[in-house]
Amino acid sequence: QVQLVESGGGLVQAGDSLRLSCLASGRTFSSSAMGWFRQAPGKEREFVAGIRWSSGTTFYGDSVKGRFTISRDIVKNTVYLQMNSLKPEDTAAYYCASARGYVGRDWHRYESWGQGTQVTVSS
């Protein structure tokens, strides 16, 4: 069991930056990957970024590639999402998630989820 708590969301203007944090506790050693997902009201959950916990290898959704960066601090058991050049279409609730025995983009394969943090980007 992994507990995840996100923070760092807020209201910003287009072009601004935010850094989200996800603090993990519990059986973090069992996690093979950590991911960020987002969901806007009335829309499907969307993969944003993922990281292989052991190696730090990263991968991204097409809509954020080149703008967002995922990273992790093993000692702090924390995953970050640096979001640059934010656009209004980035507005969503952002969720951190962990997976065991899986590294990828499918939200169904992620087992533990945080409560979410809201990111709102105005134009």
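Heads up: the structure comes first, above all this text.
All chains use their own residue numbering, which begins from 1 and follows the written sequence. Only residues with pLDDT of 70 or above have their local features reported here, since the model is predicted, and side-chain atom pairs are shown and tallied only from 80 upward, although totals for entire chains, interfaces and linings are computed over all residues. Only hydrogens and water are set aside; all other atoms, that is, all heavy atoms of the structure, feed into the side-chain values.

## Describing the overall build of the chain
Thought 1: Along the chain, the regular secondary structure elements total 0 helices and 11 strands.
Thought 2: Order of helices (α) and strands (β) in the chain, N terminus to C terminus: β-β-β-β-β-β-β-β-β-β-β.
Thought 3: When the backbone C-alpha atoms are referred to their principal axes, the chain occupies close to 40 × 30 × 25 Å.
Thought 4: Buried means the residue's accessible area, taken with a 1.4 Å probe over protein chains only, is under 20% of the maximum for its type, while exposed means over 50%, and partly exposed covers the values in between. Buried positions account for 45% of the 123 residues belonging to the chain.
Thought 5: Per-residue and other accessible areas follow the Shrake-Rupley method at a 1.4 Å probe size, with only the shown protein chains counted as cover for residues. For the chain, the accessible area works out to roughly 6,300 Å², and carbon and sulfur atoms hold 47% of it. Helix and strand labels come from DSSP, where a helix needs a run of H or I of at least four residues and a strand needs a run of E of at least two; each type is numbered from the N terminus.

## Examining the nonpolar core
Thought 1: To form a nonpolar core, buried Ala, Val, Leu, Ile, Met, Phe, Trp, Tyr and Cys residues must be joined to one another through side-chain atoms within 4.5 Å. Ranked by internal contacts, the top residues of the largest apolar core, which has 27 residues, are Trp36, Leu81, Met83 and Tyr94.
Thought 2: Broken down by secondary-structure element, the contributors of at least two residues to this core are β1 (2–7), β3 (18–26), β4 (33–39), β5 (46–52), β7 (68–73), β8 (78–83), β9 (92–99) and β11 (117–122).
Thought 3: The element that contributes the greatest number of residues to this core is β3, accounting for 4 residues.
Thought 4: It only takes one pair of heavy atoms within 4.5 Å for two residues to be counted as in contact. Setting aside chain neighbours within four positions, we find Met83 in contact with Asp16, Ser17, Leu18, Leu20, Arg67, Phe68, Tyr94 and Val119.
Thought 5: Counting residues in hydrophobic clusters, the runner-up holds 8 residues, among them Ala97, Ala99, Tyr102 and Tyr110.

## A few points about the state of the cysteines
Thought 1: Note that a disulfide, as used here, is simply two cysteine sulfur atoms within 2.5 Å. Under the criterion given, the structure shown has 1 disulfide.
Thought 2: Bridging Cys22 to Cys96, the disulfide has an S-S length of 2.2 Å. Since a negative S-S torsion denotes a left-handed disulfide, the Cys22-Cys96 link at about -80° is left-handed. Taken together, the residues Cys22 in strand β3 and Cys96 in strand β9 connect sequence positions 74 residues apart.
Thought 3: Accessibility expressed as a relative area gives 0% for Cys22, which makes it buried.

## Let's talk about the environment of Leu4
Thought 1: By secondary structure assignment, the location of Leu4 is in strand β1.
Thought 2: Taking the relative accessible area as the measure of exposure, Leu4 reaches 6% and is therefore buried.
Thought 3: In the structure, Leu4 is positioned 91 residues away from Tyr95 in sequence and 9.2 Å away in space, judged by C-alpha atoms.
Thought 4: Every residue in contact with Leu4, bar those within four places of it in the chain, is listed here: Cys22, Leu23, Ala24, Met34, Cys96, Ala97, Ser98, Ser112, Trp113, Gly114 and Gln115.

## Side note on unusual backbone geometry
Thought 1: Although it is not a glycine, Asn77 adopts a positive phi angle of roughly 50°.
Thought 2: Inspection of the secondary structure puts Asn77 in the loop between β7 and β8.
Thought 3: Asn77 gets classed as partly exposed once you look at its relative accessible area, which sits at 24%.
Thought 4: Residues other than glycine seldom take positive phi values, yet Ser85 does so here, at roughly 50°.

## Notes on the side chain of Thr78
Thought 1: Summarising the element assignment, Thr78 is placed in strand β8.
Thought 2: Not counting the four nearest positions on each side in its chain, Thr78 is found in contact with Ser21, Cys22, Leu23, Trp53, Ser71, Arg72 and Asp73.

So yeah, pure geometry; function would need other evidence.
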